Amino acid sequence: MRTGTWSGSAKEGTQLAVRSDTLETDLSEVMGRSYRCIDNCALCCLCQPELLPGEESKFRADPRLRDSVVETHISPEVRGAAIKLRGRHGACHFLSGRRCMIYQDRPHFCRAFPVNIFVGWRIQVNANLSCRGIGLDGESLEDLAKSVLRDYTRRELEQELESARVVFDEFGRNVRRAKVSQSTSSLREAGSVVIEDLADEVGLSRVLAYAEHGRTRQNTSARDIVRLARRSDAASDIEELAIMDGTELFDLEELSLLPIYIDRRLNWNLYKLQGDAIVGYRLSEDGSVEEVSRTDPASVHLMPMTASGSKIFQDYMRTVNARDCFLGHAAHLCDMEGYSYNLAQVYLGALANNALDLWWRASFLASRAESERLDSAEVREGIVFFDMDLLDLPTIGAFI
Ligand code: SF4
Ligand code: SF4
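Residues numbered from 1 in each chain as written. Chains lettered and ligands numbered in written order. Predicted model: local features only at pLDDT ≥ 70, side-chain atom pairs only at ≥ 80, totals over all residues. Heavy atoms only, no water.

Peer 1: Can you help me understand the overall build of the protein in this one?
Peer 2: Each helix and strand in the protein was counted, giving 12 helices and 15 strands. The C-alpha radius of gyration of the protein comes to 21 Å, within 12% of the 21 Å expected for a compact globule of 400 residues. Dimensions along the principal axes, computed over C-alpha positions, put the protein at roughly 65 × 50 × 40 Å. Burial statistics for the protein: of 400 residues in total, 52% are counted as buried. Carbon and sulfur atoms provide 47% of the accessible area of the protein, an area that totals close to 19000 Å². (Helix = DSSP H or I, 4+ residues; strand = E, 2+ residues; numbered from the N terminus. Rg over C-alpha atoms; globule rule 2.2 N^0.38 Å. Buried < 20%, exposed > 50% of the residue type's maximum accessible area, 1.4 Å probe, protein only. Areas by Shrake-Rupley, 256 points an atom, 1.4 Å probe, with all protein chains shown as cover.)

Structure (structure tokens):
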């Protein structure tokens, strides 16, 4: 595709759809944002780079590059060739001293970071907010997104859209047949109404309890579901729920699947539940790990947010509410549950569960830094820890 004329302007918190010829593309999340790649960060080099078909042949033909190509990606759902990693869970084969040894030849996947292109019923560009370079003075994220889109031919994007639309259409038929359907706009409206509740322990607790136990009748409107959720009894112990959800995150055998957090000093940290403790490891490029901390999960409480912390938290949840991949995630959950819950109930539950995850991660990091409340800086750290995993949630549609 050649992107043609892009036009429009974004207002904060609004969705802006721009059209490139007939391909509807939403750039609102990246508009007005800048980024600068930080020396010695290399967080994105911990994600295994996929190779586009044209890149695979180029890599295979080049004696400097050919030994790096593997047939299969570490994530079974990713198809096609990729660059191998160092060890089972280390950085990309070409990273050395946190520098890319093939910078001029790095594949599309690496040049695109921190921009993610999601293809659902339209194309939407997301910013990976785990990248600490976002918000620093530097390049325009919007320009990067447009240049990443130009790497695809129009036909390639059309084919991706066609495949995704088949899945979305089938989902639409299923929810209508089960009479649990909601429009995209009503889901987003319901999400925006509860966002303030999600930054409050009682409000969040109510939405969580309703999502879990509420029995919404078929055909109930999303607006009514919000009213019911707000009136429901709060979950009995949100702290316990937070600890349970929080520790579940780290309860994985395979180190490469654990959430990774790049701290302010650019250390790569992994946390793993071992027995009764969350063990913190420092990860090196070659995949070796060194234990650096132990935390009792019961000692981590959801910390109160200051006004500025709450604002950042809510702004972030608004971003999530506007993401097509997150709608696709709710659709995936609805499908997994056999269409037995109203889509709005599932959607609000997904928002609330992810708000709790973010709140808990921010509190976990803040408690390790001996803070007692979540100000804007602490919530930002939570987002750095969290966003990459949110963008990785199972969804219908696909990142390309
Ligand atoms: S995560 Fe962001 S700042 Fe870090 S290396 Fe990648 S693009 Fe640069
Ligand atoms: S090719 Fe270079 S930029 Fe891409 S992941 Fe590997 S080291 Fe990082």
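Peer 1: Help me understand the pattern of salt bridges, please; the structure alone is not making it clear to me.
Peer 2: Note that side chains of opposite charge can pair when their charged atoms are close. Tallied over the entire structure, the rule returns 30 salt bridges. Where Arg294 meets Glu291, a salt bridge forms, and the shortest distance between an N and an O atom there is 2.8 Å. Ionic contacts of the salt-bridge type, sharing partners, join the residues Glu24, Asp26, Arg122, Arg188 and Asp324 into one network. (Salt bridge = Lys/Arg side-chain N within 4 Å of Asp/Glu carboxyl O.)

Peer 1: For this particular structure, what's the right way to read the nonpolar core?
Peer 2: Nonpolar side chains in soluble globular proteins generally cluster together in the buried interior. Among the nonpolar cores identified, the biggest contains 109 residues, and Leu198, Leu204, Trp268, Phe313, Tyr316 and Met317 are the most heavily contacted of them. A total of 17 residues in this core trace back to one element, the largest contributor, which is helix H11 (residues 343–368). Met317 has contacts with Ile195, Leu198, Leu351, Ala355 and Leu358, leaving out every residue within four places of it along the chain. Grouped together as the second largest cluster of nonpolar side chains are nine residues, Phe59, Ile83, Phe94 and Ile102 included. (Core = buried A, V, L, I, M, F, W, Y, C linked by side-chain atoms within 4.5 Å. Contact = heavy atoms within 4.5 Å.)

Peer 1: Is there a simple way to think about the state of the cysteines in this case?
Peer 2: Linking two cysteines covalently via their sulfur atoms produces the bond known as a disulfide. Counted under the stated rule, the structure contains zero disulfides. Here Cys47 stays unpaired: no disulfide links it, and the sulfur of Cys44, its closest cysteine neighbor, is 6.9 Å away. Under the relative-accessibility criterion, Cys47 is labelled partly exposed at 22%. (Disulfide = S-S within 2.5 Å.)

Peer 1: It is not clear to me how the confidence of the model for the protein should be interpreted in this structure. Could you clarify?
Peer 2: Atom-level detail of predicted coordinates should not be read off regions where pLDDT is low. Of the residues in the protein, 94% have a pLDDT of 70 or more, and the chain-wide mean is 90. In this model residues 1–20 is a low-confidence stretch, pLDDT under 50, and it forms 56 contacts with partners more than four residues away in sequence or in other chains. (pLDDT = per-residue confidence, 0-100.)

Peer 1: Please clarify how the site of ligand 2 should be interpreted in this entry.
Peer 2: Looking at ligand 2, the residues that line it are Cys45, Pro49, Cys92, Phe94, Leu95, Cys100, Ile102, Pro107 and Cys110. Taken together, the residues that form the shell around ligand 2 break down as nine nonpolar, no polar and no charged. (Near = heavy atom within 4 Å. Nonpolar A, V, L, I, M, F, W, Y, C, P; charged D, E, K, R; others polar.)

Peer 1: I tried to follow the environment of Val70 on my own but got confused; where do I start?
Peer 2: By secondary structure assignment, the location of Val70 is in strand E4 (residues 69–70). On the basis of relative accessibility, which here comes to 22%, the residue Val70 falls in the partly exposed class. C-alpha separation for the pair Val70 and Ile83, spaced 13 residues apart in sequence, amounts to 5.9 Å.

Peer 1: How should the sheet that holds strand E14 (residues 289–295) be read in this particular structure?
Peer 2: Strand pairing in a sheet is mediated by backbone hydrogen bonds. Such pairs are either parallel or antiparallel. One open sheet holds the four strands; their spatial order is E11-E12-E13-E14, and the pairing between them is antiparallel. Only two strands of the sheet have a single partner each, and these edge strands are strand E11 (260–262) and E14. The mean inter-strand angle of the sheet, taken between neighbouring strand axes irrespective of direction, is 30°. When strand E13 (residues 277–283) meets E14, the two strands line up antiparallel, connected through six bridges. In the strand pairing of E14, Tyr281 is matched with Glu291. (Pairing = 2+ DSSP bridges. Axes fitted to C-alpha atoms, helices over the stretch in contact; angles between N-to-C directions.)

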